[in-house]
Amino acid sequence: MEQTVTKKPATAGKVQHLVLPVSGMTCASCVSSVERVVRKLDGVDTVSVNLATETADVALADRKAKANVVAAIEKAGYGVPLETIKIGVGGMTCASCVASVERALSRVPGVLEAKVNLATEQATVAVDKATTLSTVEAAIEKAGYEPRRLGAETGAVSTQEDAREKERAALKRDLLTAFVFTLPLFILEMGSHFIPAFGSALTSAVGVYPLHVFYFVLATIVQFGPGRRFYRHGIASFRRLSPDMNALVMLGSTAAWGYSTFATFLPQIFPEGAAQVYFESSAVIITLILLGRFLEAKAKGRTSAAITHLLGLQPKTARVERDGEQADVPIEELKLGDVVVVRPGEKVAVDGVVVSGTSYVDESMISGEPVPVAKNTDDAVTGGTINKTGTFTFRASAIGADTVLARIVKMVENAQGAKLPVQALVDKVTAWFVPAVLLAAAITFVIWMVFGPSPALSFALVNAVAVMIIACPCAMGLATPTSIMVGTGRAAEIGVLFRNGEALQTLKDTKIVAFDKTGTLTEGRPVVTDVVTADGFDRNTVLGLAAAVEQGSEHPLAEAVLTTVKDEGLDIAKTADFSAVPGFGVSATVNGSKVNVGARRFMARAGVDTQALDGDAERLAENARSLLFVAVDGKAAGVIGVADPVKPSAKAAIAALHAAGLKTAMISGDNRKTAESIAREVGIDTVVADVLPDGKVEALEKLKAGHGAIAFAGDGINDAPALAAADTGIAIGTGTDIAIETADVVLMSGELSGVVSAISLSRAVMRNIAQNLFWAFAYNAVLIPVAAGILFPVNGTLLSPMLAAGAMGLSSVFVLSNALRLKRFNPAH
């Protein structure tokens, strides 16, 4: 459950973000409570709290408010288990140096607190989860001092996962304690009800009053031992006028325990027949809810398994060549430019470029393809991939947060913390849920007191307690974020990265998928297939002139011409006065002649008559050749046909999209015949050809108007405007291109099957969220009235508070278990 609250900034300036871990949250009401206390603070711009990831994303207009945010959350009764970084600081000589370093560190957006000790020459820095050791080092260096890493154990020594593990251990301890003392109480009390002979023998042997005192002792241990956590958080929630789930459990169990205590020791204050004891209810309520929370905590740990898996891909050490010797060093100590040795079976430590040696590397973590990729000198390697055969060395080109793996983790974390538009209804309901339940419990109590059978007080208490206990805002709060966490984690495992969670919802509603042609539907590595010359020109001359002009261009067709000329050993002349007209072509002076190379429209613009070549050009276009016309001094010299092979996965991917009920389109700058030839080959429905780079957005808008929500898939290099303009932008590329800022979804491999997987996964996640929300709302809508006793006049049915506690605990577990089914998502289905 995540909500976003916006507040007018207290001060102008650049907004800084804090990503704070928040412990102790158990339901949607907790989310509202944290947001309520934070948004009141001066200097807070926006606050977004996520129950599943247990984080608060706070945007600050005033960096001085950072410490106040943490204090406010802790004062509200929640914990902020920050990461603590210890780092050495060299160059300090006095107290002024200490103040300078502390001031520099405090200005880092993610630093909450910085303490510097002159004697030990160390800084202890409390940071949010998004701030790295490298960021802290950079701040110290900027202040004019020398950061010194203290060793392999330096870094985050108190992490959020540690805090979660401690919480799970505490829950397990409390659950076992509660179970030990509740079991005999439950057996004796419920055994007496279900087996009258056993009850009679027990009361005859022990006596009613001693037996009730024994029950009191057992229930009190449970109530104020394992149950103490509910009082701690519940009282705090009342203090801040925002009662939560802990408050409901506290009130319900306390009501049952308190009523039973008075009935045991002061029975005379009750009307006749009303002095009943419900010690077993108070103890069982706490035990079952602790069981539910323990199961929930274990399940929540599994929802973030994808992040854990990704982080585990990077080795802890690397073998580095320094000063002619090899040594294993911690991964944190690697520097840019280090030469790293990778032996068979080892993981590549960080991103780099092969310096020597050859091997095959398993890059399935990047591409999803199980076939190892050959690596030779100058080939790129990616951290986290696995070397299969030979030994090679590579030079580190990216370390720390700049590696592909680190960026993948960052993307997944960002997506997992997202809030979807579908959650707006949940936000509105949960904001008032607990107060509404307390009101419903009070109304239930009054109605049973006034209209209930004798003993009315007992009936009123039992049903009011049942209402408070069965209500479960936890399920509503977990319904959306847990599905997002598991879904985006599974997506990362199959090579689909959602840069933001919102794309999960928008992609589901897609009606048409538009594709860029070059590099998306095709390999993006065109080759020259045909050269047609005009009278007075030969093949080599036309190719040579084209290559001379195109050497100043970065267009894929230019690369094809240059590659062909180099492969054939032709000379490339020097040029002057180079100019390029985007979407049209390029021109330059070659050996004193003005040479134009480009599309037919470029020739028309330059006043070149291409009629003599039009017949051959038409034939080439019909065979899916892209055309480059060449003109010398205003006269047509020839036309070069270039083919860009269609990706093997294209036809199957388009067919799968059609099977899913989607329309497909292709947007291309090529002439219509070439574009239509490619479209026929792969099965595209609609072709938009002869589109200039700045015309793709307009083409998308027209397709959207005609079909509905549109997704655009491009190679993420020249398609930034279209990727941003589409309802969902899908960047198709290799692992080295994953940080495409304008795309909503990034496919790690160049395979178009990833588009199908992304859409299928989006639909599966949204379907899973709908199931969770239906369960959460239906559960409360149906069972709260039943707990209140609505069925009693019909068939005499009442819901025991013990059964209510069990149902409430299992409700959250159901939502989490349903979300975890997404881990089994198969992109082939």
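Residues numbered from 1 in each chain as written. Predicted model: local features only at pLDDT ≥ 70, side-chain atom pairs only at ≥ 80, totals over all residues. Heavy atoms only, no water.

What counts, and what does not: UniProt positions are given in the numbering used here, feature names are shortened, and annotations may be inferred rather than shown by experiment.
By the naming in an unreviewed UniProt entry, the chain goes by Cu+-exporting ATPase and is assigned to Martelella mangrovi. Under the UniProt heading Sequence similarities (unreviewed entry), the note attached to the chain is "Belongs to the cation transport ATPase (P-type) (TC 3.A.3) family. Type IB subfamily."

Some thoughts on the pattern of salt bridges
Stated precisely, the cut-off is as follows: Salt bridge, as used here: a side-chain nitrogen of Lys or Arg that lies within 4 Å of a carboxyl oxygen of Asp or Glu. The way it works is that DSSP assigns letters per residue, a run of H or I at least four long becomes a helix, a run of E at least two long becomes a strand, and they are numbered from the N terminus. Note on exposure labels: buried denotes an accessible area under 20% of the residue type's maximum, exposed denotes more than 50%, and partly exposed covers the range between, all computed with a 1.4 Å probe on protein chains only.
With the rule as written, the count across this model stands at 18 salt bridges. Residue Asp690 is joined to Arg601 by a salt bridge in which the shortest nitrogen-to-oxygen separation is 3.7 Å. With a gap of 89 residues between them, Asp690 in the loop between strand S27 (686–688) and helix H25 (696–707) and Arg601 in helix H21 (residues 600–605) connect regions that are remote in the sequence. Its relative accessible area of 41% is what places Asp690 among the partly exposed residues. Judged by its relative accessible area of 25%, Arg601 falls in the partly exposed class. Salt-bridge contacts for Asp727 lead to Lys704; the nearest nitrogen and oxygen are separated by 2.9 Å. Residue Asp727 is located in the loop between helix H26 (720–725) and strand S29 (728–732), and its partner Lys704 is located in helix H25; the two are separated by 23 residues in the primary sequence. According to the relative accessible area criterion, Asp727 is partly exposed, its value standing at 28%. Put simply, Arg173, Asp174 and Arg229 are held in one network by salt bridges that share partners.

Structural notes on the UniProt feature "transmembrane region" (unreviewed entry) in the chain
With numbering matched to this structure, UniProt assigns "transmembrane region" (unreviewed entry) to residues 175–195, 207–226, 247–270, 276–295, 429–451, 457–480, 773–792 and 798–820. Annotated as 85% helix and 0% strand, the span residues 276–295 places its first and last C-alpha atoms 33 Å apart.

Digging into unusual backbone geometry
Between Ser454 and Pro455 the backbone carries a cis peptide bond, its omega angle lying at -5°. By the element assignment, Pro455 lies in the loop between helix H14 (424–451) and helix H15 (456–470). Its identity as a non-glycine residue notwithstanding, Asp378 has a phi of 80°, on the positive side. Looking at the secondary structure, you find Asp378 in the loop between strand S14 (373–375) and strand S15 (380–381). In this structure, Asp690 is a non-glycine residue whose phi angle is positive, near 55°.

Re the state of the cysteines
As a reminder, the rule being used: The term disulfide is used for any two cysteine sulfur atoms that are within 2.5 Å.
Summed over the entire model, instances satisfying the criterion amount to zero disulfides. Cysteine Cys27 is unpaired, with the sulfur of Cys30 as its nearest cysteine sulfur at 3.8 Å.

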